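Fold and contact review
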Amino acid sequence: SVSSFAPTQSHRTISHLQEQASSEESSDVSSVFADFVDFLKDTQASIIEQVEELDGSGVKFSNDKWGVFKEDFDGGSLSGGMTRVIQGGDIVEKGACSLTLIRRGILSAERAAAIRSRQDLNIQPGDVYSAAALSIVLHSRSPMVPTFRSDVRVFLVESESEKTTMAWFGGGADLTPYFMFDEDVTFFHNMYRDLCSHNPEDFSYEALKKHCDDYFYLPARSEHRGTGGIFFDDMKATPEAMKFVKGVAESWMPSWRPIVEKRRKTKFTDQQKQWQLLRRGRYLEFNLLYDRGVKFGLANANPRVEGVMVSAPPLIAWEYNHEVKEGSEEARLLEILKKPKEW
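On a predicted model such as this, the values are computed, not experimentally measured, just so you know. (Residues numbered from 1 in each chain as written. Predicted model: local features only at pLDDT ≥ 70, side-chain atom pairs only at ≥ 80, totals over all residues. Heavy atoms only, no water.)

**Remarks on the overall build of the chain**
For the chain, the helix and strand inventory stands at ten helices and nine strands. Every one of the 343 residues in the chain was classed for burial, and the buried ones make up 49%. The contacts in the chain between residues at least 6 apart in sequence include a share of 71% that link residues at least 24 apart. For the chain, the accessible area works out to roughly 17500 Å², and carbon and sulfur atoms hold 52% of it. (Helix = DSSP H or I, 4+ residues; strand = E, 2+ residues; numbered from the N terminus. Buried < 20%, exposed > 50% of the residue type's maximum accessible area, 1.4 Å probe, protein only. Contact = heavy atoms within 4.5 Å. Areas by Shrake-Rupley, 256 points an atom, 1.4 Å probe, with all protein chains shown as cover.)

Here you go:
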């Protein structure tokens, strides 16, 4: 007689259907990843063009290509990137728009554990992963124009134990002003509030704003880096999610450009410029002490240090025990940075 533990025809059929469903799901995820990579390439080119036109100085972005993006690429690694940097512009004192693509990487024990801590999945060291990201940081010359930072990214894992391929989106956009123009910050937040209006509760504007406030925080200073925006991780990579994430990237320039155009000709003093440099010091403190991306990039065996540190401001200042005058605009900014408000 047939053992009760032997697979029956129905068991084999169910198993086959499960494997087929898993294969189809993995194919869909891989398709989303490929589509998103193409979108990132097109978006980077578009942003470069828009920023150069907005700046108006004639200064152009440099183009540091590496890996698969180099013109003389001769095979080998499937990974690479394009680090585009503008320096010395009239509006943008320093800016970077960086595209990074990793294909067929191997998860370290630390990275696998980090994923498991956020996902109820059996991700293991040695699993194959791919990733792609587009990030932008624009450090304004004028202290009346806020610094703008944003990114979108996708992370894909081919799980050997789960016999499937999974992927997640992350990203966000945030503002770092030096002097408060409340209507500008409200405008910025309203754009992303509208964008999130059809998201599920876990990815509502309120949830993503809180994530942003929580992430861009300097505990040693008991203050936030800026006036926030949105920030998210672990959004399952479906076509519907990709539509939202593409919307985030497509909102970057429309959320910052009108503020620039409104404030670009506002006069400022040397003292106000010095305040901007002091606040940029806080920006760099966050990057070096707390930012996960910077820490991960510098932890690699042979880090591309220039690429990892490209988001650093061009000039900064630290002043021992700097005191802010009570009732000043600087004091009003600090009050908001210590206790974020609803916009």
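Right, picking up where we left off after that structure.
**Digging into the environment of V308**
On the secondary structure map, V308 appears in helix α9 (residues 305–308). Taking the C-alpha atoms as reference points, V308 and S98, separated by 210 residues in sequence, lie 9.8 Å from one another. Non-local contacts of V308, meaning those with residues more than four positions away in its chain, are made with V294, G297 and L298.

**Considering the sheet that holds strand β2 (residues 80–87)**
Pairing is antiparallel in the open sheet, where seven strands are placed in the order β1-β2-β3-β4-β5-β6-β9. The strands lining the two open edges of the sheet, one partner per strand, are β1 (62–67) and β9 (228–236). Sheet twist, expressed as the average angle between the axes of neighbouring strands with direction ignored, equals 5°. For strand β3 (residues 92–106) and strand β4 (residues 128–140), the ladder comprises twelve bridges, and the chain directions are antiparallel. Note that in β4 the partner of K94 across the bridge is H139. (Pairing = 2+ DSSP bridges. Axes fitted to C-alpha atoms, helices over the stretch in contact; angles between N-to-C directions.)

**Structural notes on the side chain of H224**
Looking at the element boundaries, H224 is found in strand β8 (residues 223–224). What makes H224 buried here is its relative accessible area of 10%. With near-sequence residues (within four places) excluded, H224 lies in contact with D213, F216, Y217, L218, R279, L337, K338 and P340.

**Details of the packing of aromatic side chains**
Aromatic ring pairs are defined here through the distance separating the ring centres and the angle between the ring planes. Using the criterion set out here, one finds 13 aromatic pairs in the structure. Between the aromatic rings of F216 and F231, the centroid separation amounts to 5.8 Å while the plane-to-plane angle is 85°, which identifies the pairing as edge-to-face. You can see F216 sitting in the loop between α4 (205–215) and β7 (217–218) and its partner F231 sitting in strand β9, a full 15 residues away along the chain. F216 gets classed as buried once you look at its relative accessible area, which sits at 5%. One aromatic cluster is present, formed by Y215, F216, F231, F286 and Y290 through successive ring pairs. Positioned above the aromatic ring of Y283 is the side chain of R225, whose terminal nitrogen or guanidinium carbon lies 3.9 Å from the ring centre. (Phe/Tyr/Trp six-rings, centres within 6.5 Å; stacked < 30°, edge-to-face > 60°. Lys NZ or Arg CZ within 6 Å of the ring centre and 35° of its normal.)

**Regarding the confidence of the model for the chain**
On average, residues of the chain score 88 in pLDDT, and 88% of them reach the 70 mark or higher. Considering only residues more than four positions removed or in separate chains, one finds that residues 1–8, a stretch of pLDDT under 50, has two contacts. (pLDDT = per-residue confidence, 0-100.)

**Describing helix α5 (residues 239–250)**
Given a rise of 1.5 Å per residue, twelve residues ought to cover 16 Å, and the 16 Å separating the end C-alpha atoms of α5 matches this to within 8%. Inspection of α5 places A241, M242, F244, V245, K246, G247, V248 and A249 among the buried residues, and these make up the whole buried set. (Expected span 1.5 Å × (residues − 1).)

**Brief notes about unusual backbone geometry**
With phi around 55°, S222 is a residue other than glycine that occupies positive phi space. As for its position among the elements, S222 is in the loop between β7 and β8. We classify S222 as partly exposed; its relative accessible area is 39%. The phi angle at N321 is positive, at roughly 55°, despite the residue not being glycine. Its location among the elements puts N321 in the loop between α9 and α10 (329–338). Judged by its relative accessible area of 55%, N321 falls in the exposed class.

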